[in-house]
Amino acid sequence: MAAEIDNVEREFVLTEARQRGERFRLHAPGRTGTAFLDSVGRETLVFSPLAESTSRFRAGEGVSVHFRLHEQDFAFGAVVWKASGPRFELRPQGGLYRGLERRWPRIPEPSGLMAELLVPDCMATASFPRSLDFAEIIQPEETAGLDTKDLGSLIGSFRASASHLASSSRLRMLHDGAGPENRAEAVAARFGRILYVPAGWSPGFLERDPSGYDRLVTESMVLAAEGIEALSGETELFRFIRGEAREGIGSFLICPVVYWRSVVAFVQLANGPDRPRPLDDEAIRLAWVFSRQLAWFLRHHAYFGGEERQLAAKAEIHDASPGGLQISLDPELPLLRPGSRFDLRLHFPRGQLPCRARVTRRIERGGRIRYGLSLEGLAPLTLNALEKGFYGQSESLLPDERA
């Protein structure tokens, strides 16, 4: 797994690579070159290209730099800061990483490449509450002990399992134009996640989902939804929770059923006076798996009709390789969950490539969400063509340029 190196070790690694005469590979859009590192400065690195390297790099463009030292691979991003004669300067951008497992180096902001992500939607659910999280509708492998042979068996087995984990369970299907009944449902619907309340008399929310699956509405999400008043516990949500506690509900959860980007139902589990303890992780898991299985059955049986469509979302490409892309999308689009798969159209100056992409990670940088996409199912000839297009032939630096 890739690991970022701190600044002290970074200088040591680069200095040793220079002293040992290691070769550095530099990749820019459509071009690859090889160089020696001449000097290591505080902000810039000075290189000399090898005699056989004729790759051209233009001042101001981004490059991806890779080298090996002591049988380990290292990589970092940089911008060409100055090109004068045979020597050139790079200014590193971001960290130095070791142990990268990817097959191909990334090309920052590849010129001439555009991408459209085809996001599924269902016109029949457009008037339902919209979630910030997008949910892919495929039949989950996980069943949590549910009987998935048909829809009736699924619901019946959910109720039977829930009876062992909670005092009560409820499934509320929404109809066209219907919305949340209370603030707890509204918050769960907004984020497309489970609103889990361990104790109604002293309501609080977890800082993160301990399972690592991003199933739960977190404390920071509640603060974002309820505003600064959430710090004092004087919001509509907290008043609803305390009201439930006065009615004898000590712990409960509300799980939205997300259909692509629309919330079409709510699943609720609750513990009353007969079970004076918090709902446990098994209850959370049951509600989550049931909601995903139910969404699949609704689609499989065309519950909302056959009006599904794909909306083309233009992606901003931050870097790319034959193996995948790092992109960002319009902030108005729902958030994509890691593991989801989508159709993707890559547009090149001389044509386009339809393919499949899997979301490998979701990260926030500078207030914007970025996604790592892995391209799947590409034929060897297609990969070879992409490799040539991304890395091209070697050229030489343009002289006397500065970024």
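A quick note: this is a predicted structure, and the numbers were derived from the prediction, not measured. (Residues numbered from 1 in each chain as written. Predicted model: local features only at pLDDT ≥ 70, side-chain atom pairs only at ≥ 80, totals over all residues. Heavy atoms only, no water.)

Side note on the pairing of strand β4 (residues 45–49)
Heads up, the condition is: The buried label goes to any residue with under 20% of its type's maximum accessible area, the exposed label to any with over 50%, and the partly exposed label to all in between, with areas taken from a 1.4 Å probe on protein chains only. Where helices and strands are cited, they refer to DSSP runs of H or I of at least four residues and of E of at least two residues respectively, numbered from the N terminus. Here, any two strands with at least 2 DSSP bridges between them count as paired.
Counting buried positions over the 5 residues of β4 gives 4, a clear majority of the element. Hairpin connection, strand β3 (residues 31–40) to β4: the antiparallel pair is bridged by 4 residues. Bridging between β4 and strand β7 (residues 87–98) involves 3 bridges; their strand directions are antiparallel. Counted as the bridge partner of V46 is E89 from β7.

Quick look at the environment of I249
Put simply, the rule is: Contact definition: two residues touch when any of their heavy atoms are within 4.5 Å.
Mapped onto the elements of the fold, I249 is located in the loop between α5 (236–246) and β13 (251–271). Residues I249 and N271 lie 22 residues apart in sequence; the distance between their C-alpha atoms is 5.9 Å. Excluding residues that lie within four positions of it along the chain, I249 makes contacts with E244, A270 and N271.

Topic: the pattern of salt bridges
Put simply, the rule reads: Whenever Lys or Arg places a side-chain nitrogen within 4 Å of a carboxyl oxygen from Asp or Glu, that contact is recorded as a salt bridge.
Per the stated rule, a full pass over the model turns up 28 salt bridges. Of the charged contacts, one joins E181 and R172 as a salt bridge, the two residues approaching to 3.6 Å between their closest N and O atoms. Connected via shared salt-bridge partners are D121, R130, R261 and R309.

Some words on helix α7 (residues 380–391)
Residue pairs spaced three or four apart in an α-helix point in one direction, given the helix's 3.6 residues per turn. Heads up, the rule is: Each helix should span, by expectation, one fewer than its residue count multiplied by 1.5 Å. Each direction from the helix axis to a C-beta atom contributes to the arc, which is the arc of those directions.
Taking 1.5 Å of rise per residue, 12 residues should cover 16 Å, and α7 covers 16 Å from first to last C-alpha, within 8% of that figure. Taken together, the buried positions of α7 are occupied by L383, L386, F390 and Y391. For α7, the buried positions fall inside an angular range of 105° around the axis, keeping them on one side. Opposite its buried face, α7 presents the exposed residues L381, A385, K388 and G389, each directed more than 90 degrees away. Residues of α7 that are buried sit in contact with β2 (23–28), β3, β8 (107–108), β14 (308–321), β17 (341–348) and β18 (351–365). Remark: G392 follows α7 within two positions and exhibits a positive phi of approximately 55°.

Structural notes on the pairing of strand β15 (residues 324–328)
Successive residues of a regular strand alternate their side chains across the two faces of the sheet. Here β15 lies mainly inside the structure; 5 of its 5 residues are buried. Alternating positions in β15 separate into two faces, G324, Q326 and S328 on one and L325 and I327 on the other, with burial throughout. Bridge count between β14 and β15: 5 bridges; the pairing is antiparallel. If you follow I317 over to β15, its bridge partner there is I327. Between β14 and β15, which pair antiparallel one after the other, the connecting turn spans 2 residues. With 4 bridges joining them, β15 and strand β19 (residues 368–376) adopt antiparallel strand pairing. Bridge pairing links Q326 to G372 in β19.

Re empty space enclosed by the protein
Counted only if it meets this: A pocket, in this scheme, is an open set of points on a 1 Å grid over the protein atoms alone with protein on both sides within 12 Å along at least 5 of 7 lines, while a cavity is a set where a 1.4 Å probe fits but cannot get out; residues line either one if an atom lies within 4 Å of a point. Grid points are joined across faces, edges and corners, and a volume is the space filled by probe spheres set on the points. When residues are grouped by polarity, Ala, Val, Leu, Ile, Met, Phe, Trp, Tyr, Cys and Pro land in nonpolar, Asp, Glu, Lys and Arg in charged, and all others, Gly among them, in polar.
Enumeration according to the criterion identifies 3 cavities of 30 Å³ or more in this entry. Taken together, A135, E136, I137, I138, V258, S291, R292, A295 and W296 make up the full set of residues lining the largest cavity. For the lining of the largest cavity, the element with the highest residue contribution is helix α6 (residues 281–300), accounting for 4 residues. Residues that form the lining of the largest cavity fall into these classes: 6 nonpolar, 1 polar and 2 charged.

Topic: the environment of D319
Looking at the secondary structure, you find D319 in strand β14. According to the relative accessible area criterion, D319 is buried, its value standing at 11%. Placed 255 residues apart in sequence, D319 and S64 show a C-alpha to C-alpha distance of 9.4 Å. Among residues more than four places away in sequence, those in contact with D319 are R106, I107, P108, E109, P110, L325 and Q326.

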